[in-house]
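Working through the structure, step by step
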Amino acid sequence: MAQVEKKAGLLRRTSSSKKPLKEKVVLMYDEIFAKDDPAKSNPRFWDELFLMKVNLEYLEGKLESLDGDEVIKMKDNINSLFHHCVQALSEEHQIKVVNALQTLCALFRGVHQKNKSASGFDIINMLMGFDKAELRMKDLMESLDSLLCGDGSESLKSLCLKLLLCLVTVTDNISQNTILEYVMINSIFEAILQILSDVSSRGQHGYDAVVLLALLVNYRKYESVNPYIVKLSIVDDESTLDGMGMVVHKALTEYNRQYKEKEEENQGGFFSTLTSMVGSMFIADAEEKLSVQTNEAILLALYEAVHLNRNFITVLAQSHPEIDVAVTPTTPVPTTPTTPLGTTPPSMDMMNSPELPLDPNLQTSNLLITFLKYSSIVMQDTKDEHRLNSARLCLIILTCIAEDQYADAFLHDDNMNFRVNLHRMPMRHRKKAADKNIPSRPLVCAVLDLMVEFIVTHMMKDFPMDLYMRCVQIIHKLICYQKKCRVRLHYTWTDLWSALINLLKFLLSNETTLLAKHNIFHLALQVVNLFNMFITYGDTFLPTPSSYDELYYEIIRMHQVFDNLHCMVLRVSTNAGQWKEPASKVTHALVNVRAIINHFNPKIESYAAVNHISQLSEDQVLEVVRSNYDTLTLKLQDGLDQFERYSEQPKEAAFFKELVRSISLNVRKNVSLNTLSQDILLKEFSSIS
Amino acid sequence: MGDTELELSPAQLEDLQKSPSVSSCASTTSSFSLPSSPSSGQRPPSSSSPSASEGLPASNPPLDVISEGVGELTLVIDPEVAKRACQEVLQKVKQLKGEGEVSEAETKHGLVNGTAAHADPADKEGGVAQPAKIHEEEEELHPGTVKSARRRQKNNSSKQSWLLRLFESKLFDISMAISYLYNSKEPGVQAYIGNRLFSFRNEDVDFYLPQLLNMYIHMDEDVGDAIKPYVVHRCRQSISFSLQCAWLLGAYSSDMHISTQRHSRGTKLRKVILSDELKPSSQRARREMPQPPPPPPPACPVPAHLSEHGLSPSKRTHQRSKSDATVSISLGSNLKRTASNPKVENSQDEELSSSSDSLEYEAGTPVRLTPQREFIKSLMGIGKRLATLPTKEQKTQRLISELSLLNHKLPARVWLPTAAFDHHVVRVPHTQAVVLNSKDKAPYLIYVEVLECENFETSNVPVRIPETRIRSTRSVENLPDCGITLDQRASSFSIVPNYDNDDEAWSVDDIGELQVELPEIHTNSCDNISQFSVDSITSQESKEPVFIAAGDIRRRLSEQLAHTPTTFKKDPEDPSAVALKEPWEEKVRRIREGSPYGHLPNWRLLSVIVKCGDDLRQELLAFQVLKQLQSIWEQERVPLWIKPYKILVISSDSGMIEPVVNAVSIHQVKKQSQLSLLDYFLQEHGNYTTEAFLTAQRNFVRSCAGYSLICYLLQVKDRHNGNILLDAEGHIIHIDFGFILSSSPRNLGFETSAFKLTTEFVDVMGGLDGDMFNYYKMLMLQGLIAARKHMEKVVQIVEIMQQGSHLPCFHGSSTIRNLKERFHMSLTEEQLQALVEQMVDGSMRSITTKLYDGFQYFTNGIM
């Protein structure tokens, strides 16, 4: 937007004077792009250049328009410009620093836009010259580091981060950005940490710092040792980790809040429903309105923190007051114009006050709760690719959490009870649960609820098989923990059981369409094995004896589904074909479920016959179940309580590559907007100097 | 021969002991002044204003408390001079006695006084500091007392000698000292006792600290002047004593009118203490109390620290010490105090003079009292904020989150004043904290992990261990990896192809750990399932299918649930019930397992109730009385059982209580178990004939007898079942002494009976005709006789606290008289026995007890 305005301003000026009026700085740029050394004619050329206000469009445009031969001729001057930019960074004159930073931004971008296909080494050569590259980049990184860590202007720090973000995202694929090799060698990790650990700087620059860190961690992640990964994995300073958590927490909360606002707008009153009905006649999908753009960058940062740094797990449970209530920022941060959510650093005023505010209406919350709520929103709709990716990432993060012992410990902590209002998709056959009635329970209940919710709401033609697998695995991991540590969770397990049985039902009824794309037997096996966990190890983690009875009741009640599944897998496994083996695994897994059905069904029938009842009540069935346990023999299956640990490489590598690419594009798009509108900043400094 | 003369017969002693209160004392002791003239070479008595004959006030006005404080700071005390002063005091004593027997008396004195005085030098600090007080005192007292005392001394030398003999005898204890200090109107006696305080053991004097300070605040100048040197001396010695004094001074000054309060002695002394002027003087600290290496100045450049931290293990200590410094300055609510600007933030505390402040920071040592004060302040702050929340659930959640924030600032040089040993607080297991039942206030119970140490003032503060201990070891493993220099790293590109591989390595570790931990956790319960896992592994190899009976699984499930010890069900309206029911040992074990500090041998768990908005001064008074009675009964070998729980008064509306462990209220017992008390006993301890039951029953009877007497003597009211606890051994414990002596709830005239004795209680004792019930009555009689014998010791505690107090328990003019009457000094033992019978009878039949329980049930839902 700012760009457009600026252009308009330029246009107006040109049209009024008819003659293209060139700024001084543009003339100086032209001099650089001439073949001669500009300093030859004017020894103070470089000094003067950085006193001029930068014209980014022109500079970038000029760089873009160069063709190959010209570039080579221009190389010395561009090298020189780069060199002087770096030198200017250590100037006392802040205006020079600002201009140098912006010029560098333009240089990086201009050179890359022009040379999309060129190899990284050519670009380095063009900007700095091979022989000097190492030295130049070292100087640059050191300057940036000292600017970020110093006591200087906050806007300057913000600009430094923008420059770094700009540098990191110039290529679509971050790993092809060879310049970053120097950023690896000359680490700015400590500067980022410092920003995060300090309350006030975290508030202003935390968002950029976290996104920058997330991106840097993903540079050639699988091919080499990335020092940022190493360093991030060992950070144990609590204030820093907490700062990182706060930034993520704030961003996710902001998203949740915006979503809620939109949702309320959509359902507000009769009139609005009417208008939205009318509106929906024109807009194809009314749901569209509800989709607030997701913020994958911040989610990626959360993932990296959870995955790499185990100390970060404690931060997840760190309580904060809920910031759901809109805390309107009174004065917007000058350097950041309003942009669509997902990229705007959220206003951090909340973070500036370390004391918990005193509002009885505020529920205490923590990062994990906020994340669960965020996930519940994101998972509602997985149709578009961004949201699908976000949902997948959410599930991956949950997988990491479910595997972590410490996280499991606080998830199951009986003393840490919370009400978590998950967002539930409005569906025809169920009413929206009243928010107030959610009991306060250990956090793991919310995780299970979320999984159940996902299972129930995504049985659709375009079946997200991958997400279902993750979902079932998360449940499995949680149950394994409960079994190991004998945690008896008071959870309404019947919800989970019926959701899982319905999932099996869906798989059966859509067998043909689904088999074309997915290995449904793998999912079926996982689901059946969950039941096997309950059947064989239920005594270690079920809350009451009657819950074990209810499990049997549920299986018996829905025996048709299991019967059908058995028929299906038997049929497939007897036929030769690619599904033979996976199907036969399911057949074996079904042994106990079938034993239960075959054992109790005749008993129930005879009970009904003896007592002349056509329809047995639940209590009567339970009675039959209770009295007939002893004659039932089950087979103990192997490895029910073992699971494959999550590992990013190699399975998820492709996903993360793509994700980082899309994040890079997004960040680049928005960072340019921000860097260009530095008028206020310039004013700030020009008034000082 | 001299010895026999010197030894006072018990009868005489008792006489003397009582004498102060029998009002004859004024005349007897009026001229007693001898030991108060400890003239030193520096300042002979003759030089001091001879005109001041009677009126001390005439000479006193120029002595301003604050200026004294300043003077103390500048005063350089030479131990030699001090020693001489001590000896001169003794000399004076000798001279004044004038008789031949003096020599013995002196040796005696030397012994009594000496044991403590010479023990002190071992504790170096004390040895030097003590004489300083004598100096001060001299300066303050000389003008008037010595002269006037001298003049009067001749007339009453015979009586004095009696008193002196008492004072010097072995039997003269702190209780008597306090009594004389309070009752004597004679400055000389007061000054002598003020001096004498130094010779008592610290613990003994500490018990009477509330009395001492209350006298200091509310009684005339002489008493104050006599007490002050001792208090100042102790403050110099100990941070915890300083704070204790400051808190009590604040609390007991609060009843004064606001205008007088501001200028009162108590307020001034409090300011002096809090301004930390009473810290050990710097040279002494250097010479005798080697400080731990001072942490680097808080204003150290942060970038340097950050860029280094986490890179090499050696830097960790640096980082820690930095946070140590910050904690000590910024602990608590003022989280925004950063290391870079401690001064700015600190200036908000108007009590700290800025000059001493900056000095502290320049020296690099944190202010002595600040960490603890901030710690207490933040605990109180939490209580205040909780009170604004409407539901228990919200309060609990908020409490947990507030405490988790507090955890960030720990470990620090802070401690729980209610504990019996020196320690540093290292962690608050925040999820264990519970909000207690209270209608509008929000008292809460926290558990606190501490590390025992030799001396919390000088021992090093423990190093912080991150919450996820397992992980930190992993981080350490990786340290060398990241310690490599830039060049090395550059060259090592692509040597290790995939960092993530490493992840797999530890995930195995983690699983291993889980499996190792399992048997430890659940050794007591059946191990079938771990056997199962073994089975499942073996079955894998043999390929033989393993069959299990569904019935077994179901049975195990119900058995395991039945075998778990009786716990209370979770009730969101009463979150503390579950927490308190859990046996203490089990809780300690559980918390220890989950704590990163749990592996340390000096790890301990403490608990404390934080009360905010409640006046605990009455509780403190009750605690003192209970403690006194307990020691009386112990001394007289009466097996009555009571449990005084420690009280810490922080201000007139806040404080801390040491919770009684392993005890739940009878209300909670009844509500949760839905049983009668007797049935509950049977359930918890076993059948009538079992030893466990009999022991529990005996405990119950002894505690009942103890508390019945307490309730009668102190007139404890508001005795509903929520205020009576039952511990795991069967003892009952009364809590909440909000209504004692002259006050009763809402003055409804309920609870007219002497104490609470319900039929349920009698049932547990085995009914009205049982032996145990008779035992109960006999115990009460013995207890009452024993208490009567030492009535003075009990009454004295209450009486002194009445000074200047507006506490409801002192309402009316007859509080003390009525209290004394309840000891029934005039009755014979037979009459006493009849009285006990009558009281028990009355309480049993008392309709008001029942009525009051009903009233409580209807108004507060207490069963």
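Residues numbered from 1 in each chain as written. Chains lettered and ligands numbered in written order. Predicted model: local features only at pLDDT ≥ 70, side-chain atom pairs only at ≥ 80, totals over all residues. Heavy atoms only, no water.

1. A short note on the nonpolar core
Judged by nonpolar contacts, the single largest core of 239 residues is most densely connected at Leu302 and Tyr552 of chain A. For this core, the two domains that each supply at least three residues are domain 1 (24–186 + 658–688) and domain 2 (487–644) of chain A. Residues within four places of Tyr552 of chain A in sequence aside, it is in contact with Ile535, Ile596, Phe600, Val625, Tyr629, Leu632 and Leu634 of chain A together with Ala550 of chain B. Ranked by size, the runner-up nonpolar core spans 145 residues in total, among them Cys235, Leu274, Ala786 and Leu832 of chain B. (Core = buried A, V, L, I, M, F, W, Y, C linked by side-chain atoms within 4.5 Å. Buried < 20%, exposed > 50% of the residue type's maximum accessible area, 1.4 Å probe, protein only. Domains from an automatic or database assignment. Contact = heavy atoms within 4.5 Å.)

2. A closer look at the pairing of strand β3 (residues 444–452) of chain B
All names here are of chain B. Burial runs high along β3: eight of the nine residues are buried. Relative to β3, strand β2 (residues 434–435) runs antiparallel, the two being bridged by two bridges. In the sheet register, Val435 faces β3, and the bridge partner there is Tyr444. Taken together, the eight bridges between β3 and strand β5 (residues 603–612) define a ladder with antiparallel strand orientation. Following the sheet pairing, Tyr447 is matched in β5 by Ser607. (Helix = DSSP H or I, 4+ residues; strand = E, 2+ residues; numbered from the N terminus. Pairing = 2+ DSSP bridges.)

3. Digging into the sheet that holds strand β9 (residues 724–727) of chain B
Residue and element names in this part refer to chain B. Across the sheet, which stays open at both edges, the three strands sit in the order β8-β9-β10 with antiparallel pairing between neighbours. At either end of the open sheet lies a strand with only one pairing partner, and these are β8 (663–665) and β10 (732–734). Neighbour to neighbour, the strand axes of the sheet diverge by 35° on average, direction disregarded. Across three bridges, the pairing between β9 and β10 is antiparallel. Paired with Leu725 across the strands is Ile733, a residue of β10. Against the sheet, helix α35 (residues 691–714) contacts β9 and β10, and its axis sits at roughly 20° relative to β10. (Axes fitted to C-alpha atoms, helices over the stretch in contact; angles between N-to-C directions.)

4. A word on the pairing of strand β5 (residues 633–636) of chain A
By the alternation rule, side chains of β5 of chain A split into Leu634 and Leu636 of chain A, which are all buried, and Thr633 and Lys635 of chain A, of which none is buried. Of the pairings in the sheet, the one linking β5 of chain A to strand β4 (residues 546–549) of chain B comprises four bridges and is antiparallel in character. In the strand pairing of β4 of chain B, Leu636 of chain A is matched with Val546 of chain B.

5. Quick look at the side chain of Glu619 of chain B
All names here are of chain B. When you line up the elements, Glu619 lands in helix α32 (residues 617–635). Among buried Asp, Glu, Lys and Arg side chains, Glu619 stands out as unpaired, with Lys611 the closest opposite charge at 5.9 Å. A polar contact is formed between the side chain of Glu619 and the backbone nitrogen of Phe737, at a distance of 2.6 Å. In this structure Glu619 touches Tyr645, Ile647, Asp736, Phe737 and Gly738, once residues within four positions along its chain are discounted. (Lys, Arg positive; Asp, Glu negative; His and termini not counted. Salt bridge = Lys/Arg side-chain N within 4 Å of Asp/Glu carboxyl O. Polar contact = N/O pair within 3.5 Å; in protein donor to acceptor, adjacent residues only side chain to side chain.)

6. Things to note about the environment of Met801 of chain B
All names here are of chain B. Looking at the element boundaries, Met801 is found in helix α38 (residues 791–802). For Met801, a relative accessible area of 5% puts it in the buried group. With 586 residues separating them along the chain, Met801 and Met215 place their C-alpha atoms 8.0 Å apart.

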